2 protein chains.
Amino acid sequence: MIKVVILGAGNLATHLCIALEKHTKILLLQNFNRKGEKILNCGVPVTNNPDEITDADLYIFAISDNALLDINNNFSHLKGLVVHTSGSTPMDVLSNFNRKGVFYPAQSFNKHLPVSFDTIPIAVEASNKSDQQILLKLAHSISTTVYVLNSEQRNALHVAAVFANNFSNFMYIQAEEICKDSGIDFTILKPLINETIAKLANNSPRNVQTGPAVRKDNKTIERHITTLTDQKKIKLYQLLTTAIQNYYE
Amino acid sequence: MIKVVILGAGNLATHLCIALEKHTKILLLQNFNRKGEKILNCGVPVTNNPDEITDADLYIFAISDNALLDINNNFSHLKGLVVHTSGSTPMDVLSNFNRKGVFYPAQSFNKHLPVSFDTIPIAVEASNKSDQQILLKLAHSISTTVYVLNSEQRNALHVAAVFANNFSNFMYIQAEEICKDSGIDFTILKPLINETIAKLANNSPRNVQTGPAVRKDNKTIERHITTLTDQKKIKLYQLLTTAIQNYYE
């Protein structure tokens, strides 16, 4: 039975508390957060006093990247394994802790929306093998997809996620605006979007790239640029068209 | 009963033949294609002689955009309603035809993969109301989502689709390469990608943009840029980060 304290009351902290509280093989002892706020949908005891933090096997700091430096300086009295949950922050930000690690669920969370950890990949890292085992055990207890990644890999994964999620979402924003400007319901594009994603299940994206850029259909490209009125969108369209064409040369 | 001839033997032509052949309210009379090729998985009679094209109510030219000009010049002997299936080509490319229109399924097709038209949005346009009714009837007979869009709107939709599908797929390519370079399985990102798409069901993409760019997390942005080694990816990362930040200003 791994005894756990979770620190933080944000989106991820809340979902971790909910998931671990229910778990029969994990003992969630306590939550610590600065304001002493009750955790949404979770009955775990809460403290806001650093000196009242209970002894545990594992302390999970599910807090913002910027707050991690402060942890390193002000919580070094904690005994046991101390981990953070940041994708882009190296494990060594916890330099004052003897036993340290990272427990990174590769998903974005919203405390007001339910979540199932089953399908969320979790990447773990620890400064020694036995601590790695603890994190693996915890990760496997809530998720079917667990990876051991070092800080460099995790950071690369985080950059990749920016492209795959944040930048692709920005493309959807452009698409929605273009539709709106012409009185078209953005919904009309959703089956196409779903199809693009469905293809990824069995294909590398580089093998399923379609559209005027990759087939060098200059007539259509020109017509598209003439259609766009917003200079920012024209620039973006041209840049990405050129980038795709360079990529496939 | 609408009597139809489909012209072309490409991905869309093949799927239209298959879908209409089975249909009880549509009579698929014939396929015409230059090589006189049998249509994959479809028993429709085929000709490659323009003079042997059967009389029909509707002729659907499911051919490449570039070939449409040729149609306008060389098939003007056809009686009945003549439509093309191109998203980005105006209806008026068929200027030599008295009765003309467009029947545009907003999806990408591969003749070797099965397709269900039910969920594929179809946009129709016609030069008069009674022909529009014919196209609406045909569209509703195979799809649950049918729109009337004029050529300008359809072209805008096509540009929007380039952003939503082609450009977002290019983002997945970047993500996959970044993963690969660090020995990470791209699969780890798929739940995150699915989550990004799932959010679109109930939200405008502009309300669910996440990541370091929109939250102006310059520390993470700098770390990401340091992580990337490929100059093209660095340039893309910087450009899109700036574009997102300008957008939300």
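Residues numbered from 1 in each chain as written. Chains lettered and ligands numbered in written order. Predicted model: local features only at pLDDT ≥ 70, side-chain atom pairs only at ≥ 80, totals over all residues. Heavy atoms only, no water.

1. Here we look at the interface of chain B and chain A
Taken together, the contacts link 81 residues of chain B with 81 residues of chain A. Across the chain B/chain A interface, buried area totals approximately 7700 Å², and carbon plus sulfur atoms make up 67% of it. In terms of surface lost to chain A, no three residues of chain B exceed Phe163(B), Phe167(B) and Ile188(B), which account for 9% of the buried area on that side. Applying the counting rule to chain B against chain A returns zero salt bridges. Across the contact surface, chain B and chain A share 31 residue pairs in polar contact (both at pLDDT 80 or more). Listed by contribution, the elements that provide at least two residues to the side of chain B that touches chain A are α4 (151–181), α5 (190–200), α6 (218–227) and α7 (231–247) of chain B. No other element matches the 26 residues that α4(B) contributes to the side of chain B that touches chain A. (Contact = heavy atoms within 4.5 Å. Buried area = accessible area lost by both parts, 1.4 Å probe. Salt bridge = Lys/Arg side-chain N within 4 Å of Asp/Glu carboxyl O. Polar contact = N/O pair within 3.5 Å; in protein donor to acceptor, adjacent residues only side chain to side chain. Helix = DSSP H or I, 4+ residues; strand = E, 2+ residues; numbered from the N terminus.)

2. Structural notes on unusual backbone geometry
Residue and element names in this part refer to chain B. The phi dihedral of Asn41 falls on the positive side, at around 60°, and the residue is not glycine. Classification of Asn41 as exposed rests on a relative accessible area of 62%. At Lys216, a position not held by glycine, the phi torsion is positive, near 50°. When its relative accessible area of 48% is taken as the criterion, Lys216 is described as partly exposed. (Buried < 20%, exposed > 50% of the residue type's maximum accessible area, 1.4 Å probe, protein only.)

3. Some remarks on the relation of the copies chain B and chain A
Mapping chain B onto chain A calls for a rotation angle of 180° and an axial translation of 0.0 Å; the resulting RMSD is 0.0 Å. With respect to symmetry, the two chain copies, as superposed, fit the operation of a two-fold axis. In terms of proximity to the rotation axis, the leading residue of chain B is Ser168(B), whose C-alpha is 2.3 Å off the axis. Looking at the interface residues of chain B, 100% of them are also at the interface in chain A, so both copies use one shared face. (Least-squares fit on C-alpha atoms with pLDDT ≥ 70 in both.)

4. Considerations on the side chain of Ser168(B)
Along the chain, Ser168(B) falls in helix α4. The exposure class of Ser168(B) is buried, given its relative accessible area of 0%. If near-sequence neighbours (up to four positions away) are discounted, Ser168(B) is found in contact with Ser168(A), Met171(A), Tyr172(A) and Phe163(B).

5. Points about the pattern of salt bridges
Any two side chains of opposite charge can pair, so long as their charged atoms come close to each other. In total, this model carries 14 salt bridges over all chains according to the counting rule given. Taking the shortest distance from any N to any O, the salt bridge between Arg34(B) and Asp70(B) comes out at 3.0 Å. Note that Arg34(B) is positioned in the loop between β2 (26–32) and β3 (46–47) and Asp70(B) in helix α2 (residues 68–74), a separation of 36 residues in sequence. Connected via shared salt-bridge partners are Glu177(A), Asp230(A) and Lys233(A).

6. Side note on the sheet that holds strand β5 (residues 81–84) of chain B
Residues and elements named next belong to chain B. The strand order β3-β2-β1-β4-β5-β6-β7-β8 describes an open sheet built from eight strands, whose pairing is mixed. The open sheet has two edge strands, β3 and β8 (146–148), and neither has a second partner. Bridging between strand β6 (residues 100–105) and strand β7 (residues 122–126) involves five bridges; their strand directions are antiparallel. Across the sheet, residue Val102 finds its bridge partner in β7, namely Glu125. (Pairing = 2+ DSSP bridges.)

7. Some points on the packing of helix α4 (residues 151–181) of chain A against α6(B)
Relative to each other, α4(A) and α6(B) sit at 105°, their axes nearing to 10 Å. By the criterion of interaxial angle, the relationship of α4(A) to α6(B) is roughly perpendicular. Of the residues in α6(B), those touching α4(A) at Asn155(A), Ala156(A), His158(A), Val159(A) and Val162(A) are Thr220(B), Arg223(B), His224(B) and Thr227(B). A breakdown of the residues in the contact of α4(A) with α6(B) according to their chemical character gives three nonpolar, five polar and one charged. (Axes fitted to C-alpha atoms, helices over the stretch in contact; angles between N-to-C directions. Parallel < 35°, antiparallel > 145°, perpendicular 65-115°, else oblique. Nonpolar A, V, L, I, M, F, W, Y, C, P; charged D, E, K, R; others polar.)

8. Overview of the packing of aromatic side chains
One pass over the structure, following the stated rule, counts 16 aromatic pairs over all chains. Through successive ring pairs, a cluster of aromatic residues spans Phe32(A), Phe61(A) and Phe75(A). (Phe/Tyr/Trp six-rings, centres within 6.5 Å; stacked < 30°, edge-to-face > 60°.)

9. Focus: the environment of Asn72(B)
Residue and element names in this part refer to chain B. By the element assignment, Asn72 lies in helix α2. Remark: the alpha-carbon pair of Asn72 and Val82, spanning ten residues in sequence, is separated by 9.8 Å. Setting aside anything within four residues of it in sequence, one finds Asn72 in contact with Val93, Leu94, Ser95, Asn96 and Phe97.

10. What about the sheet that holds strand β7 (residues 122–126) of chain A?
Residue and element names in this part refer to chain A. Judged by pairing direction, the sheet is mixed, and its eight strands sit side by side in the order β3-β2-β1-β4-β5-β6-β7-β8 without closing on themselves. In this open sheet, the two edge strands, each paired with only one partner strand, are β3 (46–47) and β8 (146–148). In the packing of helix α3 (residues 129–142) onto the sheet, the strands contacted are β1 (2–7), β2 (26–32), β4 (58–61), β5 (81–84), β6 (100–105), β7 and β8, and the crossing angle to β7 comes to about 165°.

11. With respect to the pairing of β7(B)
Residue and element names in this part refer to chain B. Of all five residues in β7, five are buried, a share of seventy percent or more. Judged by which residues are buried, β7 turns out to be covered on both faces: Ile122, Val124 and Ala126 on one side and Ala123 and Glu125 on the other are all buried. Chirality of the crossover, the property in question, places the unit of β7, helix α3 (residues 129–142) and β8 among those that are right-handed. (Right-handed = clockwise from strand over helix to strand, strands pointing away.)

12. Comments concerning the nonpolar core
Where a protein is soluble and globular, its nonpolar side chains tend to be buried together. Grouped together as the largest cluster of nonpolar side chains are 80 residues, with contacts concentrated most on Phe163(A), Leu189(A), Phe163(B) and Leu189(B). Residue assignment for this core shows that the elements contributing at least two residues are β6, α4, α5 (190–200) and α7 (231–247) of chain A together with β6, α4, α5 and α7 of chain B. (Core = buried A, V, L, I, M, F, W, Y, C linked by side-chain atoms within 4.5 Å.)

13. Here we look at the side chain of Ser151(B)
Residue and element names in this part refer to chain B. Considering the arrangement of structural elements, one finds Ser151 in helix α4. A distance of 3.3 Å separates polar atoms of two side chains, one belonging to Ser151 and the other to Arg154. The residues touching Ser151, leaving out its near neighbours within four places in the chain, are Pro90, Met91 and Glu125.

14. A look at the confidence of the model for chain A
In the predicted model, chain A carries a mean pLDDT of 95, and 100% of its residues have values of at least 70. Confidence estimates for the predicted assembly give a pTM of 0.89 and an ipTM of 0.90. (pLDDT = per-residue confidence, 0-100.)

15. A few points about α5(B)
Within α5(B), the full set of buried residues consists of Pro191(B), Leu192(B), Ile193(B), Thr196(B), Ile197(B) and Leu200(B). Contacts from the buried residues of α5(B) go to α4 and α5 of chain A together with α4 of chain B.

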